[in-house]
Every structure is written in C-alpha cells, then in structure tokens.
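Structural features, examined
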Amino acid sequence: MAKKEKVSQMISRELLKQIEIGKFPPGSKLPTEMELAAQFGVSRVPIREALSMLRAAGVISSRQGGGSYVEESTNSSLLQRIRIESDDVDSIKYLFEMRKILEPEAAYLAALRRTPEQLEQMKRILKTMENESLEKGDISTEADIEFHRSIILATHNPVLIQTLENLSSLYEKTLKITLRPNVELKQKRKAVYQEHYNILQAIEAEEPDLAKIQCLIHLKNAEKKLSLLLRDYTI
C-alpha cells in the first residue's frame, strides 16, 4: 500500500500550483496562516509546515512586518517537479547514484549550517528509529526517511531541498528495498542505526569532513544490499 502523503505536503503542493498558475504572482502576499487554515480546513500546524517547505525551497520569503510573499526572482525551472514516472530497476539505481553524489555533501554542509533546533530534530528522529528498530524490531522506514530529509533541510540549500521533495516517492521505495532484509536480523538493524548515529555525532560535533565520510560509509553499505536485492526484486 502506498504511503499516504502528509497533509503539509499536499498543502505545499497546492500552494505551489496556485503560484505557478499566477493566482499569487511574484511579489504578492499569501493569505495569513489563519486564512489558509480555514481554506484547507486544517489547523495552523500543517500550514506552518507547508509554508516552511516553500520558504526552504526559495519560493516564498518572510518579510519584516509579517506575512509570506512570493519571491520576485522565483525561477520557473525550480518550480517544475522532476518527474520519474517509471519504477523500474534502472530508475532506482539512478536515484541511488544521485544519493551517493548529493548526500555526503549534504552531511558536510549540515555539519556547518545546522541550527540547534535542527540538531534536536535529528536527535528526536534517531530516538524514534532506535525505539522502532532495536526495541520493537520494526524496520523504521519512515524514521529513516525523515532522518535523511532532516540532513537535507539542514543544508539550507533550496535546490537540494526541492530535489528531495520532487523525488520523495522513488526515494522512499529505494529505502524500503534496502531496509527489507533487516526485519528479521537485529544485528543488521543495529548496524544501520549505528551508521545513522555516527552521521549525527559528526554533525553535532560540527565536523563536516567526518560527517561526509560517515554518510558515504552508510550509503556504500546500503548499496551492497541494493545490488543483491535488485537481482530478485520485481517492481
């Protein structure tokens, strides 16, 4: 069963669509959080999350005096979603190649740029992973995805952030495949948790080179699983 999209993601996607079609042209002010909450029939929490995504992607900005405004210099190419419709083995391999190129550098940047709040969020996610993977014996897919996403967000690089959002569906499928063998083996789950912990430690210590190396080690280990599994996996 496909993972249900978060409310905040749906809202950010709809707002992005409204910006693209000109309902909110460059330089215009978006409705207030309260107005958007009423429009979408939700609380202000997912509205804030949605606006945060758009702000991180460079689509909107906050200005003195309050409110969110559509960026004047928003590049239409940034708003175009990268569409990888095929879920074949090659697409997954290509995505993994991209992960190896981008994620170690993202870990490097996160160690330099992360805020105290972002570090605490990484720790909370890792604690969830520890509880689910080591104590309950689950594969903790969602926590794994959120951990990597939190690193990308900590780069404060709008292109990296938007790239991850655009590829989230295929990204999640790749992680599910590589994590599948860990269900029955606690030692493997423990090893994966430790790899994530090592990345976090380097980011917390503000050691960018170490964070990059630890991320690369994690991805190379995941790649070994991927190579073995894709031979027998039918999408």
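One structure accompanies this document, and this report is about it. Values in this document were obtained by computation on a predicted structure and should not be read as measured data. Throughout this description, residue numbers start from 1 for each chain and increase along the sequence as written. Where local features are concerned, this predicted model is filtered to residues with pLDDT of at least 70; where side-chain atom pairs are given and counted, the filter is 80 or more; whole-chain, interface and lining totals use all residues. The side-chain figures draw on all heavy atoms in the structure; neither hydrogens nor water molecules are used.

**Notes on a nonpolar patch on the surface**
Here is the rule we go by: Excluding any residue in a salt bridge, patches collect residues exceeding 30% relative accessible area, merging like charges within 9 Å and nonpolar Val, Leu, Ile, Met, Phe, Trp and Tyr side chains within 5 Å. Computed by Shrake-Rupley with a 1.4 Å probe, the accessible areas treat only the displayed protein chains as cover when residues are assessed. Salt bridge, as used here, is a side-chain nitrogen of Lys or Arg placed within 4 Å of a carboxyl oxygen of Asp or Glu. Labels follow the DSSP assignment, with helices taken as runs of H or I lasting at least four residues and strands as runs of E lasting at least two, numbered in each case from the N terminus.
On the surface, Leu 210, Ile 213 and Ile 217 cluster together into a nonpolar patch covering about 250 Å² of accessible area. Of note, Ile 213 is situated in helix α11 (residues 208-229).

**Structural notes on unusual backbone geometry**
Cut-off, in case you're wondering: Buried residues are those whose accessible area, probed at 1.4 Å on protein chains only, stays under 20% of the maximum for their type, while exposed residues exceed 50% and partly exposed ones sit between those limits.
In the Ramachandran plot, His 156 falls in the positive-phi region, its phi being about 60° despite a non-glycine side chain. Of note, His 156 is situated in the loop between α7 (141-154) and α8 (158-166). Judged by relative accessible area, His 156 falls into the partly exposed class, the value being 42%. The backbone of Glu 206 shows a phi angle near 55°, a positive value even though the residue is not glycine. Among the secondary structure elements, Glu 206 is positioned in the loop between α10 (186-204) and α11.

**Side note on the environment of Leu 200**
This is how it is decided: Contacts are residue-level and defined by heavy atoms, with any inter-residue pair within 4.5 Å sufficient.
Relative to the elements of secondary structure, Leu 200 occurs in helix α10. In the structure, Leu 200 is positioned 74 residues away from Leu 126 in sequence and 8.5 Å away in space, judged by C-alpha atoms. Those residues within four positions of Leu 200 in sequence are excluded, and the remaining contacts are Leu 119, Met 122, Lys 123, Leu 126 and Phe 147.

**Structural notes on helix α1 (residues 7-20)**
Heads up, the rule is: Here, expected helix span is obtained from the residue count minus one, scaled by 1.5 Å.
For α1, spanning 14 residues, the distance from its first C-alpha to its last is 20 Å, which sits close to the expected 20 Å at 1.5 Å a residue. For α1, the full list of buried residues reads Ser 8, Gln 9, Ile 11, Ser 12, Leu 15, Leu 16, Gln 18 and Ile 19. Trailing α1 by a residue or two, Gly 22 shows a phi angle of about 95°, which is positive.

**Quick look at the pattern of salt bridges**
This structure, assessed with the given rule, holds 10 salt bridges. Measuring nitrogen to oxygen at the nearest pair gives 3.1 Å for the salt bridge that ties Arg 48 to Glu 33. Placement of Arg 48 in helix α3 (residues 44-56) and of Glu 33 in helix α2 (residues 33-40) is noted, with a sequence separation of 15 residues between them. Among the residues examined, Arg 48 registers a relative accessible area of 41% and is labelled partly exposed. Taking the relative accessible area as the measure of exposure, Glu 33 reaches 24% and is therefore partly exposed. Lys 123 is paired through a salt bridge with Glu 204; the nearest N and O atoms lie 2.8 Å apart. Of this pair, Lys 123 sits in helix α6 (residues 116-135) while Glu 204 is found in helix α10, placing the two residues 81 residues apart along the sequence. Its relative accessible area of 29% is what places Lys 123 among the partly exposed residues.

These results come straight from atomic positions and should not be treated as a statement about function.
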